[in-house]
Amino acid sequence: MLGTNLFTTLAAHHLDRLGDRNPQLLRELKGRLKRFPVVTAIVLSLLCQIVMMIGFWAALPGPVRLDDMELSTYPRLEWHGKTYLNSEPLQDLLPQDMVNRDRAATSGVVVSRIHDTIPVMGDERLGANALKAIQQGDRLVKIDGQLIMPSESELNGTGWKQKVEDLARTVDGRLVPNYYDPLTPERQKLINTTIELELHNPERGYYSVTVPRVAVARQYSSYCVLVNSFHGESCAVSQDKQSYQLNWSRWYSDIYTGLSALIIFPLMGLGVFMLANNLAQEKRRGTLNFLQLSPRSAFTILSGKLLGVPVCLYLAIGLLFPLHWMIGFNAGYTVGHLLGFDLTLMGQTLIFYLATLLIGLSISQPMVLGLMPWLLAAGVMGFNWIMIFYVGSGEFARNTEAHVLLWSVLFSPFSSLAYFNFAQAAVKSNVNLVFGDFRLNFVEYVALALVHGMGWCALLGHGLERRFSNADMTLLKRRFSYPLTLVFAVLMVGLTGTRVSNADVPFHLVLIGFFSLVYCIALMVALSPARQTLKDWTRFRHAKPAHERLSLPTDLVLGETSSPVVAIALNLLLLTSLVVIAFVGIYPHFLPTTLEALMFFGCILMFVGSILFSTLVSQTFLMFPRKKNWMWLSAVGSISCLTFPSISMIMVIVVHAPSPAHTHLLGLPAPVAILALPLSLLSTLTMILGVVHTRQLMRSGRSESQQLLSQA
Amino acid sequence: MTQTLTSPAGTSTGLAIRTQHLTKRFDRHTALREVDLEIQSGAVFGLIGPNGAGKTTLIRLLAMAESPTLGEVFFHGEKLDYTRPQFDLKRQIGYLPDDFPLYEDLNVWDYLDYFARLYGLQDKQRSRSIHQVLDLVNLGHKRKSVITSLSRGMKQRLGLARSVIHTPSILLLDEPVSGLDPVARQEFRQVIRNLHGLGITVLISSHVLSDLAELCTAIGILEFGYLVENAPLETLYQRLSQQHIVIGTRGDLKDLQTELRQFDAAVLVLEAKPQTGQVKIRFSGDPDEAADLLRSLVEAKIPLYEFHCEQESLEDIFFKIGHLQPT
């Protein structure tokens, strides 16, 4: 009683201290650490562990039972009907004076395999001599004194192969009658009965052996120590012949994987849902404003949410960890390996959590807010589900060409599991993530995933800090966008590596193009100021105090409130030129002719043009009188969706045209014509839209009196 | 035990709030235009104006809930920077918006405790502050009640308690008495008076002008986003409020009117009611001159039965100089 009271007092004291440091965390903890949710979390966690352990326990083979046994011989022999019969005339092989015994020694069934599966019932000593004597390739001559050989007519017939196979089956039937039948008491009587076999060895000549009938196990389980048996692989029986020999490391390894999935899916899916839902609730209720106005940093408030909102989930998952670690140790993994998995899991989860908070802070439409938790959770779960198959396929660990899609493995904890999965008592040493020109072992992978996670956290934290303190601020400082683009370009080229064959370069460029498109759209969102901010910039840019005012070019490139078109164009230029220079430098021969080089640069221009066009469309929509973000997003989305596949198609046509120089269209080489038309159309449209947007901005910047004068 | 809220630290004489060319645009609509506002430290400043005049926008800008299109804001001489969080300045502000949401699942004490922690109050100071504000808003008996069970008036007072839990030097109240019954309004006024007594600078916007007239030491009138008036209440009355005197006689009304002509320079007859013998005049003299007028009438043996002065109310002033918008 005294102990409980002391514990409660101490816990309250520590909670109080914690609340002083992070009131948001205390609020979330107090709201959630109530009896019902806590007990539910504990019960669910324990229940999941119990069910999983029961499930895996049930998958283990039980004691050796009669039902799992079959009648066999010791040793068990496999036959095939290979004879010396080929194109040579039969009479040359089988002289007329040869006795039937000799004919059998040259044309009978052949011992193809000898299985020494230890019998569960029966005395293997009875067959010890046979096991020593019989060799692969020996031919069976007699069973219990009766000759075993194909008849002459059978050998002369056309379907002799089938006939000899039938003969092999007959031999099997004679040795072990109806071996698939259950081991009934009548059949058990056959155990230890012996069969006399006469065989022929080309070197040793004829010999006789005694083979006993025995009962062997025919159980199969991936958790057994497997041995080759008559029907394939089957479980090895232990010394006492009461149970099977188990492959425990494999069993623990599978439980570890199962528990990992049990941790990853709820932690990522449910955690993202809880955070998004909580933020949406705060936004709908309007209480988030008070938090934003309080003298607490975004870090304090959001870390409070991050640690507090899913606290019951953390509790449930935390209870899984002791078992997870114990199982990991039993599977043969070291502390370093287990810690590596947990650290990458934490880092990768944090990326998704921070991204959820940022998306939650950036969305204000009630309908989207309502859908947001479901969409985000489904997205994260879907991504991880795909990653199970991607990682499971071993694609990223093959010694083939690397590509940018490999980036995705740094976001999913299932990637680190690939180093563990199906391991035999240790982390696989032969699994190496092919990352550009590097092959990463487990430790290197963990280090890279952590650095990658830290980079993302810094970037997302920057956005959160800005968006939390002022909802009108852009997510990213414009001056940070340029180094970010540099990092992105290096990552894209680095992931692709230098081992790509010239013929595959266009495919990799298309992949990079797709990622770049996604990056540019993200940049558009991150650098676009709020509509009102942009309007205020056009109207009052000159009215700012001299010390705060920037020159127009500086403002467009580095300012926070100006139109982002120039900044996006610069980023695009930087990204494209870096990728192109790198590719041309690394693969100087992938464009062998001038025409192909021309086409390639045409495609690049097309790509740059289409993204600029999308940017201009987005900004033009943004300046429309009524604020409709969905319109802006759909415009950018649809244009991107339309332009990208067409550019990719053109690129593939251009680079892979069988003889581009010799096909003609409209009097021009066909690829030039194919590219020139959309390029000229796109550049014209981009220019028109650029003028429209500039006029729009100028109109927006007019004072009331200027507007009245222009109307007059 | 009744405890008294302590005076905020850092209050000083001089200007508590100063804005310079404060402008806020929403799309093409300019909600605030070049507002130059000055509020003395310790003042209760009433902000009045019709709907859409920009009162809420001005308060939100001062509370840092929005950033201005143009212009600057100073609290006790320190400039607000909307591009970076200024926690020290935020600690000086208490803000109660017109539609303030509450965490309905919490009880009163936990709600205040949460905000006290957010504002950095620790241990005993926090506990003392919560007790003090609960006493201040008369909710001490409800400290264990869940917020959802409180009446609207109580919630309003709880909101006020939340906004003063950290004893801010500047309190911004946006329509705090809207929707309250007369009793709750009276209680609320008393709380504001107490806060004023502590030296907190209060900016309060309201449509209930009688409340403001009773509470405020200075008034600002917003029209179309322009601050058309910004003055201490006394000055405003002196400058814009006129005095009416109602005089009643049991004798002949014409004798009274004849006698009043001697004061033509200060008197303008507005209304005469022969059936009751009453005259309503606009009197532009000071109180001594009003006394002279009364003495003169008595000496003239006018049988007076009524002589009382009426000052034009804040509402009259507002209608006189403001309320230009069609709505």
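All values reported here derive from a predicted model rather than from experimental measurement.

Pairing between sheet strands relies on hydrogen bonds along the backbone, with the strands arranged either parallel or antiparallel. Residues and elements named next belong to chain B. Reading across from one edge, β13-β14-β12-β15 is the order of the four strands in this open sheet, with antiparallel pairing throughout. The open sheet terminates on both sides in strands that have one partner only, identified here as β13 (267–273) and β15 (304–311). Averaged over neighbouring strand pairs, the angle between their axes works out to 20° when direction is ignored. Pairing analysis gives six bridges linking strand β12 (residues 243–249) to strand β14 (residues 278–283), with the strands arranged antiparallel. Across the sheet, the residue bridging to Val246 is Lys280, located in β14.

This part is about the sheet that holds strand β9 (residues 201–205) of chain B. All names here are of chain B. A sheet is described by the order of its strands in space; here six strands give the open sequence β7-β8-β9-β4-β10-β11, paired in mixed fashion. Of all strands in the sheet, those with a lone pairing partner are β7 (93–96) and β11 (226–232), marking the two edges. Taking the axes of each pair of neighbouring strands and ignoring which way they run, one obtains an average angle of 15° across the sheet. Judged from the four bridges that link them, strand β4 (residues 44–48) and strand β10 (residues 218–223) form a sheet pairing that is parallel. Along β10, the bridge assignment pairs Phe45 with Ala218. Along the sheet, helix α6 (residues 182–197) contacts β4, β8 (170–174) and β9; its crossing angle with β9, the most-contacted strand, is approximately 150°.

This part takes up the packing of helix α3 (residues 35–59) of chain A against helix α13 (residues 311–331) of chain A. When two helices pack together, their arrangement is given by the angle between their axes and by how far apart the axes lie. All names here are of chain A. Between α3 and α13, the shortest axis-to-axis distance is 8 Å and the interhelical angle comes to 30°. The hand of the α3/α13 crossing is right-handed. Residues Pro37, Val38, Ala41, Ile42, Leu44, Ser45, Leu46 and Gln49 of α3 pack against Cys312, Leu315, Ala316, Leu319, Leu320 and Leu323 of α13. Its residues assigned to classes, the contact of α3 with α13 comprises 12 nonpolar, two polar and no charged.

This brings us to the interface of chain A and chain B. As a measure of interface size, the accessible area lost when the parts come together is often cited. Taken together, the contact pairs 22 residues of chain A with 24 residues of chain B. Mapped onto the side of chain A that touches chain B, the elements with two or more residues apiece are α1 (2–21), α2 (23–32), α11 (288–293) and α20 (531–540) of chain A. For the side of chain A that touches chain B, the element with the most residues is α2(A), which contributes four residues. For the side of chain A that touches chain B, the residue count by class is six nonpolar, 10 polar and six charged.

As a further point, take the domain arrangement of chain B. For chain B, the assigned domains are domain 1 (15–238) and domain 2 (242–311). Relative to domain 2 of chain B, the C-alpha centre of domain 1 of chain B lies at a distance of 44 Å.

Glancing now at unusual backbone geometry. Cis rather than trans, the peptide bond between Tyr74(A) and Pro75(A) has omega equal to -5°. The phi torsion at Phe224(B) lies on the positive side, around 55°, for a residue other than glycine. Its place among the elements puts Phe224(B) in the loop between β10 and β11. The backbone of Lys301(B) sits at a positive phi, close to 60°, despite the residue not being glycine.

Now for the UniProt feature "domain: ABC transporter" (unreviewed entry) in chain B. Listed under "domain: ABC transporter" (unreviewed entry) in the UniProt record, and renumbered for this structure, are residues 17–249 of chain B. A helix fraction of 35% and a strand fraction of 29% characterise residues 17–249 of chain B, whose end C-alpha atoms lie 51 Å from each other.

All names here are of chain B. Bridge analysis of strand β1 (residues 15–26) against strand β3 (residues 38–40) gives three bridges, and the strand direction is antiparallel. Bridge pairing links Leu15 to Gln40 in β3. With five bridges joining them, β1 and strand β5 (residues 70–75) adopt antiparallel strand pairing. Counted as the bridge partner of Arg18 is Phe74 from β5. In this structure, β1 lies alongside strand β2 (residues 29–35), joined through four bridges in antiparallel fashion.

Next up on the list: the nonpolar core. In this structure, Ala161(B), Leu172(B), Val202(B) and Leu203(B) are the most contacted members of the largest nonpolar core, which totals 71 residues. Looking at this core element by element, the count peaks at seven residues for helix α3 (residues 108–118) of chain B. Not counting residues up to four positions away in its chain, the partners in contact with Ala161(B) are Leu112(B), Val133(B), Leu134(B), Leu136(B), Val137(B) and Leu139(B). Counting 69 residues, the second largest nonpolar core, distinct from the first, contains Ile255(A), Leu267(A), Val309(A) and Phe411(A).

Let's shift gears to helix α18 (residues 478–496) of chain A. Given 3.6 residues per turn, any residue in an α-helix points the same way as the ones three and four places further on. Residue and element names in this part refer to chain A. Between its first and last C-alpha, α18 extends 28 Å over 19 residues, near the 27 Å set by a 1.5 Å rise per residue. Every buried residue of α18 is accounted for by Arg478, Ser481, Thr485, Phe488, Ala489, Met492, Val493, Leu495 and Thr496. Across the axial projection of α18, the buried residues extend over an arc of 160°, all falling on one side. Residues of α18 that are exposed and point over 90 degrees away from its buried face: Arg479, Pro483 and Val487. The positive-phi residue at the C-terminal boundary of α18 is Gly497, with phi of around 75°.

It is worth spelling out the environment of Ser243(A) at this point. All names here are of chain A. When you line up the elements, Ser243 lands in the loop between β9 (232–235) and α10 (248–285). By C-beta crowding, Ser243 is classed as partly exposed, having 16 other C-beta atoms within 10 Å. The contact partners of Ser243, leaving out residues within four places of it in the chain, are Pro63, Val64 and Ser238.

Thresholds, definitions, all that
Residues numbered from 1 in each chain as written. Chains lettered and ligands numbered in written order. Predicted model: local features only at pLDDT ≥ 70, side-chain atom pairs only at ≥ 80, totals over all residues. Pairing = 2+ DSSP bridges. Helix = DSSP H or I, 4+ residues; strand = E, 2+ residues; numbered from the N terminus. Axes fitted to C-alpha atoms, helices over the stretch in contact; angles between N-to-C directions. Contact = placed C-beta atoms within 7 Å. Left-handed = near helix turned anticlockwise from the far one by under 90°. Nonpolar A, V, L, I, M, F, W, Y, C, P; charged D, E, K, R; others polar. Domains from an automatic or database assignment. UniProt positions renumbered as here; feature names shortened; annotations may be inferred. Core = buried A, V, L, I, M, F, W, Y, C linked by C-beta atoms within 7 Å. Buried ≥ 20, exposed ≤ 12 C-beta atoms within 10 Å, placed from the backbone. Expected span 1.5 Å × (residues − 1). Arc of directions from axis to C-beta.

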